[in-house]
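Spelled out from the first residue to the last, the chains are:
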Amino acid sequence: MVASSHMSILTAKVAGVERIIACTPPSQGEIPAATVLAMHLAGTDEIYILGGVQAMTAMAVGTETIEPVDMMSGLATRSLQKQNVSCLAASVLIYLPAQPKRSLSLTNQQT
C-alpha cells in the first residue's frame, strides 16, 4: 500500500490537481502509520482513516467534515462500490488506473 499511495498521489500532484484527498482503512483497528506517512510525503492535502464504500460515499456526496470530490481513482473502484457511488453521485468521475494493486486516492479537480 505504501508504494501504491505514492503512485496514485504523486501522479495527481504532478498533473496539477489542486486538492488531493486519500483514504485508507484501519488495519486491525489501528491507524496504518506507514501508509499514512507515505500519503503525507507524497503530498496529500487531506487523509482519512476510512475504507470501502463508506469512504467512496463520503467523498462522492460529502459529509459535515469532508468536501465532495470530482474524481476518484484506486482500489475502492471495485464494481459493486462503483455502482453504489455512481447511484449517489453521478457527477463524480471514477478513474481506474491499469495497475494490478491500487490504493485509494481521491482527487478533487475542477474541469
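Here, every reference points to the structure presented above.
On a predicted model such as this, the values are computed, not experimentally measured, just so you know. (Residues numbered from 1 in each chain as written. Predicted model: local features only at pLDDT ≥ 70, side-chain atom pairs only at ≥ 80, totals over all residues. Heavy atoms only, no water.)

Trainee: Describe the overall build of the chain, listing the residues and the values that go with them.
Mentor: Tallying secondary structure elements over the chain gives four helices and five strands in all. Its helices and strands in sequence order give the chain the pattern α-β-α-β-α-β-α-β-β, from N to C terminus. Partitioning the intrachain contacts of the chain with sequence separation of at least 6 by distance along the chain shows that 65% fall at a separation of at least 24. For the chain, the exposed area adds up to about 6200 Å²; of that, 58% sits on carbon and sulfur atoms. (Helix = DSSP H or I, 4+ residues; strand = E, 2+ residues; numbered from the N terminus. Contact = heavy atoms within 4.5 Å. Areas by Shrake-Rupley, 256 points an atom, 1.4 Å probe, with all protein chains shown as cover.)

Trainee: Break down the pattern of salt bridges for me, citing the residues and quoting the values.
Mentor: As enumerated under the stated definition, the model contains two salt bridges in all. With a closest N to O distance of 3.9 Å, K13 and D45 form a salt bridge. With K13 in helix α1 (residues 2-14) and D45 in the loop between α2 (33-42) and β2 (46-49), this residue pair connects regions lying 32 residues apart in the sequence. For K13, a relative accessible area of 35% translates into the label partly exposed. Assessed through its relative accessible area of 42%, D45 is described here as partly exposed. Residue R19 pairs with E46 through a salt bridge whose shortest N-O separation is 2.7 Å. (Salt bridge = Lys/Arg side-chain N within 4 Å of Asp/Glu carboxyl O. Buried < 20%, exposed > 50% of the residue type's maximum accessible area, 1.4 Å probe, protein only.)

Trainee: Tell me about helix α3 (residues 52-61), and please be specific about residues and values.
Mentor: When α3 is considered as a whole, its buried residues turn out to be A55, M56, A58, M59 and A60. Phi turns positive one or two residues past the end of α3, at G62, with a value near 85°.

Trainee: Hey, could you go over unusual backbone geometry for me, with residue numbers and the actual values?
Mentor: Here Q28, not a glycine, exhibits a phi torsion of approximately 55°, which is positive. Secondary-structure assignment places Q28 in the loop between β1 (19-24) and α2.

Honestly, it's all geometry; don't read function into it.
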